[in-house]
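Remarks on the overall topology
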Amino acid sequence: MNRSIAINWLRIPVEKDILKTLHKKDSLRGLLHSLAHIALVAFCGYMAAIFFINNQWGYFVIAFWAQGTFGTFLGAAQHELGHGTVFKKKTHNRFFLNLFSLFTWWNHHHYSMSHTFHHKYTLHPPKDKEVLLPLEPSLKPALLIQLFTFNILGLIGKLKNTIYTALGLWFDGPLGGANPEGANPWIKELSIVYPKKYRLSQRFARRILIFHAGVLIYSILTSTWWLPFVLSLWPFTGNWLSYFVGSTQHTGLIDNTADFRLNTRSVKLHPFIEFLYWHMNWHAEHHMYAGVPGYNLKKLHEIISKDMPEPKTLIRAWLEMRDTFKKQNQNPNYQYHQKIPNESSSKKTNTDHLEKYTESIGLLAPEEQINQDGLNLVFKSKFDSTREWR
């Protein structure tokens, strides 16, 4: 990225030796977390298949719903694997990233392009259009019904986006509040910045379609009707918990600020949910030092906690988000200002001697030379109140 347009982020200083230790990757811990999450999802899928075969439909629904509830959080695993912070070796991170992405219909090549900008320019549109404020913490009945049952609109949208990407096509129109991947105008801009990475995204989209089409065809030919449910459809089932947890990251907060404590929210979760979420509940800490593995973020929080906002419970965070959105409906310019300890004494700390750690986003950035014309397009695109980018 061009350093001349880099944001001078405020980071709470951490001693170099401590920061170096926090950045160390523990491959065994990463492997145990990965295998435990896989085993949980696979067990629920196995039980769903058994109940389906035995026509125990009530139990099947419960097992299938549990598979989706737990499995949807593999998106957090893909995030960490994309940063390359789970394992020491690139090959191990990429193996699990490709595996998880294939089963969850997730185009991690799109996400790599978008999330690189999201970390470099967090909530500074037009440089970051992965997340656009204001975000609505929606509790609309139609949405909740799908989140607690089967997300049919999510399946249709994912299928359309994957087909469009595979064919090199794009959707027109305004962006939504969250645009991490898909055939949308934001990824279209980034495809010019990273043309090689975009070609990889096309190939991976085709791989996703071939895999899940193969599952369906095999199921039809062999009358194994349970197979598409436990291999292809579970990512669209039981999305409720990941929605409630993931929505807390930036909703209702401030954009165009150089202070991660104001644009990103950390929350306290039950240890099991934190396990499912791959410790991304410590999200402000993650943005502040993005190269720190998720399993070390709680330690980082404890070290810098006296200078950080008090992390809220999930319920308190949602109450805060809903109250903020209500105020934004009355005043579109309103944004919630998190309370910061010792705010008056907070200063941008010179961390040039720690650049290796403070600037690290792991292995996230695509490994290719940036197309400058594409970069200029991103930086010069215009934004209006309808979220339509030109």
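Details of the structure are given in the entry above.
Everything quoted here is computed from the prediction, not taken from an experiment.

Here we come to the nonpolar core. By size, the foremost hydrophobic cluster in this structure holds 73 residues, and its most contacted members are F117, L190, V245 and L300. Per-element accounting of this core gives the leading share, six residues, to helix α2 (residues 27–53). In this view, V245 contacts F73, L269, I273, Y277 and L314; residues no more than four positions away in its chain are not counted. The next biggest cluster of nonpolar side chains, apart from the first, holds six residues, and it includes W105, F204, I208 and F236.

Backbone geometry follows two general trends: most residues other than glycine have a negative phi, and most peptide bonds adopt the trans configuration. Cis geometry is found at the peptide bond from P125 to P126, where omega equals 5 degrees. When you line up the elements, P126 lands in the loop between α6 (108–120) and α7 (141–148). Put simply, L133 and P134 share a cis peptide bond, and its omega is 0 degrees. Structurally, P134 can be placed in the loop between α6 and α7. Of note, N55 is a non-glycine position whose phi angle comes to about 55 degrees, a positive value. Looking at where N55 falls in the secondary structure, it is placed in the loop between α2 and α3 (57–71). A residue is classified by how much of its surface remains accessible, and N55, at 51% relative accessible area, is exposed. Its identity is not glycine, yet W278 carries a phi of approximately 55 degrees, on the positive side. When its relative accessible area of 4% is taken as the criterion, W278 is described as buried.

Attention now moves to the packing of α2 against α3. In the contact formed by α2 and α3, the axes pass within 8 Å of each other and the chain directions differ by 160 degrees. The angle between α2 and α3 places the two elements in the roughly antiparallel class. Here the hand of the crossing between α2 and α3 comes out left-handed. Where α2 abuts α3, its residues H37, L40, V41, C44, G45, M47, A48, F51 and F52 lie against W57, Y59, F60, A63, F64, A66, Q67, F70 and G71. The residue makeup of the contact of α2 with α3, split by class, is 14 nonpolar, four polar and no charged.

What counts and what doesn't
Think of each chain on its own: its residues are numbered from 1, step by step along the sequence as written. In keeping with the predicted nature of the model, local features appear solely for residues at pLDDT of at least 70, side-chain atom pairs appear and are counted solely at 80 or more, and the whole-chain, interface and lining totals rest on all residues. Processing note: side-chain calculations cover all non-hydrogen atoms of the structure and skip hydrogens and water entirely. Definition used in this section: a nonpolar core is a set of buried Ala, Val, Leu, Ile, Met, Phe, Trp, Tyr and Cys residues joined via side-chain atoms within 4.5 Å. Burial classes: relative accessible area under 20% of the type maximum marks a residue as buried, over 50% as exposed, and values in between as partly exposed (1.4 Å probe, protein chains only). Every helix listed is a DSSP run of H or I at least four residues long, and every strand listed is a run of E at least two residues long, numbered separately from the N terminus. By the convention used here, residues are in contact when the closest approach between their heavy atoms is within 4.5 Å. The axes are straight lines fitted to the C-alpha atoms, using for helices just the contacting stretch, and the angles between their N-to-C directions are given from 0 to 180°. For classification, angles of less than 35 degrees are called roughly parallel, those exceeding 145 degrees roughly antiparallel, those between 65 and 115 degrees roughly perpendicular, and all remaining angles oblique. Working rule for handedness: look at the near helix, and if it is turned counterclockwise from the far one by less than a right angle, call the crossing left-handed; if clockwise, right-handed. The nonpolar class holds Ala, Val, Leu, Ile, Met, Phe, Trp, Tyr, Cys and Pro. Asp, Glu, Lys and Arg form the charged class, and all remaining residues, Gly among them, are polar.

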